Amino acid sequence: MAKDPLFHAAVFVLAVTALASPVVYDRLAASERHGRDLVLTIDTSGSMAESGFDKDRPKKRKYDVVVGIVKKFLKTRYDDNIGLVLFGSFAFAASAVTYDLPALEKVIDTTDVSIAGQNTAIGEGIDQALRALSFSHAKRKVIVLITDGYQNAGSVSIRDAVEKAKKRGVKIYTIGTGKRGDYDAGLLKKIASETGGKSFSASSAQDLGVVFKELDRLEPSPIRSHTMINRKPLYQWPLVIAIMLLVFYMASRRKQEAAK
């Protein structure tokens, strides 16, 4: 066939296109989300292993109760981009901010008391939360800080961390869990008031549930999700055409050979 080179090139291009796995996304996937970027910053120090925080389940550890309520909170956040920071003697980001909240729940399930040490580095917790928000384009950025202790560890001062939050326009909500004397209520109020947030006290699981219901009413702000859903592969079309052309080519060659 005179046009064999052109034919071979066409089949080759179609095959390469199929191997490249072209896809198309539903344009609704890049929809407008009306939430905020929020980082849950949770104390995992040794005192979070204490029991008695939940009156209905007195043997359950405080940390497990807090995590359970946090996970319920996540189920009500349909438009938020949420991250997770854990702090004890030091702090670290357990999850970057994400819309994939089911995946975030699985991350939470892998955490435990003392995962970041026995002490309480509140300043480092705030600082790590700010780092998690540093790539955010949301107009509204929020940190929810949960602790049951006093700052007694870490290399970042709370004052410096709060000043950084103020400069970046990050609002911090603080939650003290347990008895009033167990945590630095005055400090938590100051952190919240200086950043435009609010401080809460939760002496029981029931109180903490009420606090999260109030947090659930935070004002939304529009941010655009670039997460693509409804992914439709297109590789099968160039592949089918390439196969049909090859079949046609082989049939033509056989006819030519038979005619000789």
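What counts and how
- Residues numbered from 1 in each chain as written.
- Predicted model: local features only at pLDDT ≥ 70, side-chain atom pairs only at ≥ 80, totals over all residues.
- Heavy atoms only, no water.
- Helix = DSSP H or I, 4+ residues; strand = E, 2+ residues; numbered from the N terminus.
- Buried < 20%, exposed > 50% of the residue type's maximum accessible area, 1.4 Å probe, protein only.
- Contact = heavy atoms within 4.5 Å.
- Areas by Shrake-Rupley, 256 points an atom, 1.4 Å probe, with all protein chains shown as cover.
- Axes fitted to C-alpha atoms, helices over the stretch in contact; angles between N-to-C directions.
- Parallel < 35°, antiparallel > 145°, perpendicular 65-115°, else oblique.
- Left-handed = near helix turned anticlockwise from the far one by under 90°.
- Nonpolar A, V, L, I, M, F, W, Y, C, P; charged D, E, K, R; others polar.
- Salt bridge = Lys/Arg side-chain N within 4 Å of Asp/Glu carboxyl O.
- 1 Å grid on protein atoms, 1.4 Å probe; cavity = no way out; pocket = protein on both sides within 12 Å on 5 of 7 lines; lining within 4 Å.
- Points joined across faces, edges and corners; volume = space filled by probe spheres on them.
- Phe/Tyr/Trp six-rings, centres within 6.5 Å; stacked < 30°, edge-to-face > 60°.

Peer 1: Hey, could you run me through the overall build of the chain in this one?
Peer 2: The helix and strand inventory of the chain stands at 8 helices and 10 strands. When burial is assessed residue by residue, the chain has 43% of its 260 residues classed as buried. Sequence separation of at least 24 residues holds for 80% of the intrachain contacts in the chain that already meet a minimum separation of 6. As displayed, the chain offers around 14100 Å² of accessible surface, 57% of which is attributable to carbon and sulfur atoms.

Peer 1: Is there a simple way to think about the packing of helix α4 (residues 122–132) against helix α5 (residues 158–168) in this case?
Peer 2: In a pair of packed helices, the angle between the axes and the distance between the axes together describe the arrangement. Between α4 and α5, the shortest axis-to-axis distance is 8 Å and the interhelical angle comes to 25°. Judged by the angle between their axes, α4 and α5 are roughly parallel. In the packing of α4 onto α5, the handedness of the crossing is left-handed. Along the contact surface, α4 presents I122, G123, I126, D127, L130 and R131, while α5 presents I158, A161, V162, K164, A165 and R168. The residue makeup of the contact of α4 with α5, split by class, is 7 nonpolar, 1 polar and 4 charged.

Peer 1: Is there a simple way to think about the packing of helix α2 (residues 62–74) against helix α3 (residues 101–109) in this case?
Peer 2: Running from N to C, α2 and α3 point in directions that differ by 175°, and their axes come no closer than 10 Å. Here α2 lies roughly antiparallel to α3, going by the angle between them. Residues V67, V70, K71 and L74 of α2 touch α3, and the partners they reach there are L101, L104, E105, I108 and D109. For the contact of α2 with α3, the class distribution of residues is 6 nonpolar, no polar and 3 charged.

Peer 1: How do you make sense of the pattern of salt bridges when you look at a structure like this?
Peer 2: Opposite charge on two side chains lets them pair, provided their charged atoms get close. Under the defined criterion, the tally for this structure stands at 13 salt bridges. Ionic pairing is found between K62 and D148, a salt bridge with its closest N-O pair at 3.0 Å. Highlighted residues: K62 in helix α2 and D148 in the loop between β6 (141–147) and α5, separated in sequence by 86 residues. The buried category is assigned to D148, whose relative accessible area is 4%. In this structure, K198 engages E214 in a salt bridge whose closest nitrogen and oxygen atoms are separated by 2.6 Å. Placement of the pair is K198 in the loop between α6 (185–194) and β8 (199–202) and E214 in helix α7 (residues 205–215), with a sequence separation of 16 residues. Several salt bridges share partner residues, and in doing so they unite R61, D64 and D112 into one network.

Peer 1: Looking at this structure, I do not really get the layout of surface pockets. What am I missing?
Peer 2: Any empty space left between the atoms is revealed when a probe the size of a water molecule rolls over them. Taken as a whole, the largest pocket holds about 340 Å³ of empty space. The wall of the largest pocket is formed by 17 residues, among which G68, I69, K72, A205 and G209 lie closest to the centre. Broken down by secondary-structure element, the contributors of at least two residues to the lining of the largest pocket are α2 and α7. Each residue belonging to the lining of the largest pocket can be placed in one class, and the counts come to 6 nonpolar, 4 polar and 7 charged.

Peer 1: How should I be thinking about the packing of aromatic side chains in this particular structure?
Peer 2: Given two aromatic rings, one states the distance between the centres and the angle between the planes to describe the pair. What the rule picks out here adds up to 3 aromatic pairs. When the centroid spacing of 6.5 Å and the interplanar angle of 20° are considered together, the rings of Y173 and F200 count as stacked. Note that Y173 is positioned in strand β7 (residues 170–177) and F200 in strand β8, a separation of 27 residues in sequence. A residue is classified by how much of its surface remains accessible, and Y173, at 8% relative accessible area, is buried. When its relative accessible area of 8% is taken as the criterion, F200 is described as buried.

Peer 1: How should I be thinking about the side chain of K141 in this particular structure?
Peer 2: With respect to the secondary-structure elements, K141 resides in strand β6. Setting aside residues up to four positions removed in sequence, K141 forms contacts with D37, L133, S136, G169, V170 and K171.

Peer 1: Is there a simple way to think about unusual backbone geometry in this case?
Peer 2: Trans peptide bonds make up most of the peptide bonds, and negative phi angles are found at most residues other than glycine. Despite not being glycine, S114 has its phi angle at roughly 70°, a positive value. In this structure, S114 sits in the loop between α3 and α4. Judged by relative accessible area, which is 26%, S114 ranks as partly exposed.

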